[in-house]
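One letter stands for each residue in the lines below.
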Number of protein chains: 2
Amino acid sequence: MGQTSTAARQRRSRTDILNTRERGHVIAGLKTMLNPKVTAVVGVSTSNPFSPGNVIFRKLCFENGLKTYPINPKGGTVEGVKVYKSITEAPDDIELAVISIPARFVPGVLEECGRKKIRSVIVVSGGFSETGESGRSLQHEIVEIANQYNITMVGPNCIGVFVPDRVDTFFLPSERVARPRYGNVAIVSQSGGWLVERLEEFADRDVGIAAAVSIGNSAQTTVSDFVRFFGEDDNVRVILAYIEGFGPGEGRRFVEECARVARKKPIVVLKGGQSEAGHRATQSHTSSLAGNGAVVSAAFRQFGVIEAMDEDEVMAYSKVFSFGPRPMKGKRVGTLTVSGGHGVIASDEAAYYGLEFPPFKEEDQEAMRSVMTPAYQGIASFRNPIDLTGSASDIDYERVLDKMLALDYIDAALLLLLPYAPGISLQIGARVANVAKRHKKTVVAYVPYLDKYEVIIRGFELNGIPCGDTIEEAVQMLNGIRKWSEYLQRVGAL
Amino acid sequence: MGQTSTAARQRRSRTDILNTRERGHVIAGLKTMLNPKVTAVVGVSTSNPFSPGNVIFRKLCFENGLKTYPINPKGGTVEGVKVYKSITEAPDDIELAVISIPARFVPGVLEECGRKKIRSVIVVSGGFSETGESGRSLQHEIVEIANQYNITMVGPNCIGVFVPDRVDTFFLPSERVARPRYGNVAIVSQSGGWLVERLEEFADRDVGIAAAVSIGNSAQTTVSDFVRFFGEDDNVRVILAYIEGFGPGEGRRFVEECARVARKKPIVVLKGGQSEAGHRATQSHTSSLAGNGAVVSAAFRQFGVIEAMDEDEVMAYSKVFSFGPRPMKGKRVGTLTVSGGHGVIASDEAAYYGLEFPPFKEEDQEAMRSVMTPAYQGIASFRNPIDLTGSASDIDYERVLDKMLALDYIDAALLLLLPYAPGISLQIGARVANVAKRHKKTVVAYVPYLDKYEVIIRGFELNGIPCGDTIEEAVQMLNGIRKWSEYLQRVGAL
């Protein structure tokens, strides 16, 4: 075990640890980590099949179908597979090693990985900087080793990485946690628990992910590295991060990285610990430098980071950006509903988010009224929101929308669908989406996310219109697009 | 058709229409309306089986199993049942008449109902005050007739009433809208669309309702009448209302009614049109006097009305109060989690709502640590929120909670459950709920509302602990209890 003096390295701050060349190397190593061909799991148990190492081994080997070597000093077999006594003894083709052993043994194993030229390592083990002074010293030691051997390391104190159908080191029973399909949202999180819940929720809402990474103490690779990495990945349309705080100097590097990447794709961040009470709680969790809430929010805005205020906004923004929506030229929204109450609630929500529902000109109101079924022209209201009433049918909705989207003082459309209205059929989604395609405007819809409305929702979504599960979510979706559009305008990228 | 002069009555405001004696009569009539034995539906079609009248007829007759007379001037049969040509011609035992015919014919039919001594009438038909001056005049006319004959009238321009397994006049295809089970939440709404969505959502979350009433233009019976009515109904634990505005003088009557009823049970209100844009939208919908948003909110607070700010709060407050929760003596919450990130997010949410997570005393932290499984004592954190970490198991959670609930500086407990942790079993809900029963403290839990966690959720909820579907919802639940508790304290009812 390569014990080296740690006194000097403890005086260096984390950002000093890597220079630009090394940082570039780290990025390259992530590519292997998220798409490895051969893996090793250090810390399988021959007696306890439910130890984290064994759960990870079974996932990599049997679920992901990767060639995987289990490692335990005692040797033997696990699930019928030969156990190697050490990394050194194992074959030479390992690309990713996952380490799940007591903290004090990690530096030695990492040295072995380095000598074996393994490029990517995930340290699952806890017992590092989150536990106090001696843990901090141990953490500095493993970072030194990783840098010395050009190892890209994620962790320690994390659950690692998950890419659908490719690699999964999350040591959680599969029957307890749903996994989403492959898609274009990349997620990075300082909290494993938070990340796991997002997987569950994304699966439930059918939002696909490109990768999910739990960075734990982020001793070497940090959230900024992942922003850069996913920024260059053309499969990724939106980057989502849960952050509790930054190491010294890391905050600035993060926003600068974001400012660059946000010109190409939106970055959504939920910042834990923005309140004073929340900040105190981060101290028991990740011991991050959370910073002043208002200052952090202002920096996010300035550098193009879209801040989500809660889990609902996280879902709204992630989902809408996964559709690669058209930016909005302004914040003027035309709203079309079949229930007056829904229009009122949407108006309140839009006002909260600073979106505008401009009144329609008299002649435009008449033009829209004229295409409505004559029997209902008298009871429908064509202000903004437009209320076609519960008597409206698909064709009314289509025709009025077509007129509304043509108005030059409308930047986007908000469609509130109440599938309970007898005249609204399950075809409405596809029908309306095809009308929307004729216009170059941003359109989002609200349809409750229920199995029985799946035909409507798929009609919309397969035709490029994202559906919010609540009126508020649909409004938040528009708000996300508007925030990103404003940044693009400001930096001249629109 | 009893045409009477309307000039004089148009000069009277709506609140003048009923004196106290008449108002008492209206209340009595609601009892019949929500539990009728014999009903009539005026406006069934012999040619269109999907007309609103026919849908209502089939529901009352076949779903609710009520003796129901279909009425149409042409006679004939509908669904094999004899159609009477008028209310006058129908048998004398009608308790509730539902009218779904063009507006201009409503006064005549209402006169017939009056002469027949029918005590409760729902006017589904639109075409009254929401359409302008002549509609307003027609509306005054039907109110006069109703008052003259002591008829309790709901509507016009509404979808009527729904009581599970008893009465259902909502003319919506049953396959499109789920209906919740019978329970103790009473809902009153100025928007039929909003109400229908709540039914859907309440069914989805398994929150039972005592009654749902769409009051439409509330020409005679108003939201205040229903607050009084449900206030006296011991089956109702919480009253939920969606209100866009009040007629002249009605706002004051409403808050005064609430102030009285809120001493017995909480009243939750979502006020549509609180923003300026939302207020404008109410003008096309219900033409209500919405009032200044801030003034309305202040009045609600003063008179004990719990204002929900959005649909999420509506669900959180309705659900938590349906459990008849213990009031909170203060706003000091102890929080117990197995994920640090969840603790951070809960802290931020609680700070937003003004709830406090007081730090635990050093000796109390040690007492809680000492009951934890020894191997994990070192990694768990016993500040507030307590983070037992993903290594904790059921017994740790139970023992620590037992200590925490005994602390005299904790008014309530917030349990954040992450059922993904391998040591947490599906028994956790019932186990923890039984620990909570030993203490006289308010307890709410957070468990994602998914089928696979049903055993956990039922374990909690059948033992009296409500589960929020998100961390935010669980925090909102505590906030609702605290708001109500503060009112009770203020009026000396706690």
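On a predicted model such as this, the values are computed, not experimentally measured, just so you know.

**Here we look at the nonpolar core**
It is characteristic of soluble globular proteins that their nonpolar side chains tend to be buried jointly.
Point 1. Among the nonpolar cores identified, the biggest contains 319 residues, and Ala97, Ile99 and Val121 of chain A together with Ala97 and Ile99 of chain B are the most heavily contacted of them.
Point 2. With residues near it in sequence (within four places) discarded, alanine 97 of chain B still touches Ala40, Val42, Ile87, Cys113, Ile118 and Val121 of chain B.

**Considering the interface of chain A and chain B**
Point 1. Contacts between the two partners involve 55 residues from chain A and, on the opposite side, 55 residues from chain B.
Point 2. Elements with a contribution of two residues or more to the side of chain A that touches chain B: α7 (192-205), α10 (276-285) and α13 (340-353) of chain A.

**Brief notes about the sheet that holds strand β5 (residues 96-99) of chain A**
Residue and element names in this part refer to chain A.
Point 1. The 5 strands lie next to each other as β2-β1-β5-β6-β7, forming an open sheet whose pairing is parallel. Edge positions in the sheet fall to β2 (67-71) and β7 (152-154), since each of these pairs with one other strand and no more. Put simply, the sheet's adjacent strands are angled 20° from each other on average, direction ignored.
Point 2. Direction of pairing for strand β1 (residues 38-42) relative to β2: parallel, over a ladder of 5 bridges. By the bridge assignment for β2, threonine 39 is matched with threonine 68.

**Focus: the sheet that holds strand β18 (residues 442-446) of chain B**
Residue and element names in this part refer to chain B.
Point 1. The 5 strands are arranged β16-β15-β17-β18-β19 in an open sheet whose pairing can be described as parallel. The sheet terminates laterally at β16 (386-387) and β19 (467-468), the two strands that pair on one side only.
Point 2. As judged from the 2 bridges shared by β18 and β19, these two strands associate in the parallel manner. Within β19, the position partnered with tyrosine 446 by the bridge is glycine 468.

**Considerations on the environment of glutamine 190 of chain A**
Residues and elements named next belong to chain A.
Point 1. By the element assignment, glutamine 190 lies in the loop between β10 (182-189) and α7.
Point 2. In this structure glutamine 190 comes out as buried when scored by C-beta crowding, with 28 C-beta atoms within 10 Å.
Point 3. Sequence-wise, glutamine 190 and threonine 222 are 32 residues apart; in three dimensions their C-alpha atoms are separated by 9.4 Å.

**Some remarks on the pairing of strand β15 (residues 333-337) of chain A**
Strand residues, when the strand is regular, have side chains that alternate between the two faces of the sheet.
All names here are of chain A.
Point 1. In terms of burial, β15 is a largely internal element, 5 of the 5 residues being buried.
Point 2. Residues Val333, Thr335 and Thr337 of β15 are buried on one face, and the alternating residues Gly334 and Leu336, pointing to the opposite face, are buried as well.
Point 3. Inspection of the sheet shows β15 paired to strand β17 (residues 412-416) by 4 bridges, in the parallel sense. The residue of β17 that forms the bridge with threonine 335 is leucine 414.
Point 4. The pairing of β15 with strand β16 (residues 386-387) spans 2 bridges and is classified as parallel. Bridge pairing in β16 places threonine 337 opposite aspartate 387.

**So, unusual backbone geometry**
Point 1. At the junction of glycine 155 of chain A and proline 156 of chain A, the peptide bond is cis and its omega measures out at -5° in the coordinates.
Point 2. In this fold, proline 156 of chain A is placed in the loop between β7 and β8 (160-163).
Point 3. A cis amide bond, omega 5°, links asparagine 384 of chain A with the succeeding residue proline 385 of chain A.
Point 4. Relative to the helices and strands, proline 385 of chain A resides in the loop between α15 (374-377) and β16.
Point 5. The phi dihedral of lysine 117 of chain B falls on the positive side, at around 60°, and the residue is not glycine.
Point 6. Its place among the elements puts lysine 117 of chain B in the loop between α5 (106-115) and β6 (120-123).
Point 7. Of the residues examined, lysine 117 of chain B has 12 C-beta atoms within 10 Å and is grouped as exposed.
Point 8. Backbone geometry places asparagine 150 of chain B, a non-glycine residue, at a positive phi of 60°.
Point 9. Within the secondary structure layout, asparagine 150 of chain B lies in the loop between α6 (133-148) and β7 (152-154).

**Observations concerning the packing of helix α13 (residues 340-353) of chain B against helix α19 (residues 471-490) of chain B**
Residue and element names in this part refer to chain B.
Point 1. Two elements in contact, α13 and α19, have axes separated by 9 Å at closest approach and are oriented at 40°. As the angle between them shows, α13 and α19 are arranged oblique. The hand of the α13/α19 crossing is right-handed. Contacts between α13 and α19 involve His342, Ile345, Ala346, Glu349, Ala350 and Tyr353 from the first element and Ile471, Glu472, Val475 and Asn479 from the second.

**So, helix α4 (residues 52-63) of chain A**
Residues and elements named next belong to chain A.
Point 1. Counted at 1.5 Å a residue, the expected span for α4 with its 12 residues is 16 Å, and the 15 Å between its end C-alpha atoms agrees.
Point 2. Most of α4 sits out of view: 9 of its 12 residues are buried.
Point 3. Pro52, Gly53, Asn54, Val55, Ile56, Phe57, Arg58, Lys59 and Leu60 are the residues of α4 that are buried.
Point 4. Of the surrounding elements, those touching the buried residues of α4 are β1, β2, β3 (77-78), β5 and β9 (167-168).
Point 5. Positive phi shows up at glycine 65, right after α4, with a value of about 65°.

**Notes on the packing of helix α17 (residues 428-436) of chain B against helix α18 (residues 454-461) of chain B**
Residue and element names in this part refer to chain B.
Point 1. Closest axis-to-axis distance for the α17/α18 pair is 6 Å, and the angle between their directions is 20°. Classed by the angle they form, the pair α17 and α18 counts as roughly parallel. Viewed along their axes, α17 and α18 form a crossing whose handedness is right-handed. Across the interface between the two elements, Ile428, Gly429, Ala430 and Ala433 from α17 touch Ile456, Ile457, Arg458, Gly459 and Phe460 from α18.

**Let's talk about the domain arrangement of chain A**
Residues and elements named next belong to chain A.
Point 1. Taken as a whole, chain A is organised into domain 1 (1-156), domain 2 (158-322) and domain 3 (333-490).
Point 2. Contact with domain 2, which involves 13 residues of that partner, is made by 13 residues of domain 3.
Point 3. Ranked by residue count, the leading element in the side of domain 2 that touches domain 3 is helix α12 (residues 311-322), at 8 residues.

**Describing the relation of the copies chain A and chain B**
Point 1. With an RMSD of 0.0 Å, chain A superimposes on chain B once it is rotated by 180° and translated 0.0 Å along the axis. Classification of the inter-copy transformation places it as that of a two-fold axis. Residue aspartate 312 of chain A, judged by its C-alpha, is the member of chain A lying nearest the rotation axis, at 5.1 Å.
Point 2. When the interface residues of chain A are mapped onto chain B, 100% of them again fall at the interface, so both copies present the same face.

About the criteria used
- Residues numbered from 1 in each chain as written.
- Chains lettered and ligands numbered in written order.
- Predicted model: local features only at pLDDT ≥ 70, side-chain atom pairs only at ≥ 80, totals over all residues.
- Core = buried A, V, L, I, M, F, W, Y, C linked by C-beta atoms within 7 Å.
- Buried ≥ 20, exposed ≤ 12 C-beta atoms within 10 Å, placed from the backbone.
- Contact = placed C-beta atoms within 7 Å.
- Helix = DSSP H or I, 4+ residues; strand = E, 2+ residues; numbered from the N terminus.
- Pairing = 2+ DSSP bridges.
- Axes fitted to C-alpha atoms, helices over the stretch in contact; angles between N-to-C directions.
- Parallel < 35°, antiparallel > 145°, perpendicular 65-115°, else oblique.
- Left-handed = near helix turned anticlockwise from the far one by under 90°.
- Expected span 1.5 Å × (residues − 1).
- Domains from an automatic or database assignment.
- Least-squares fit on C-alpha atoms with pLDDT ≥ 70 in both.

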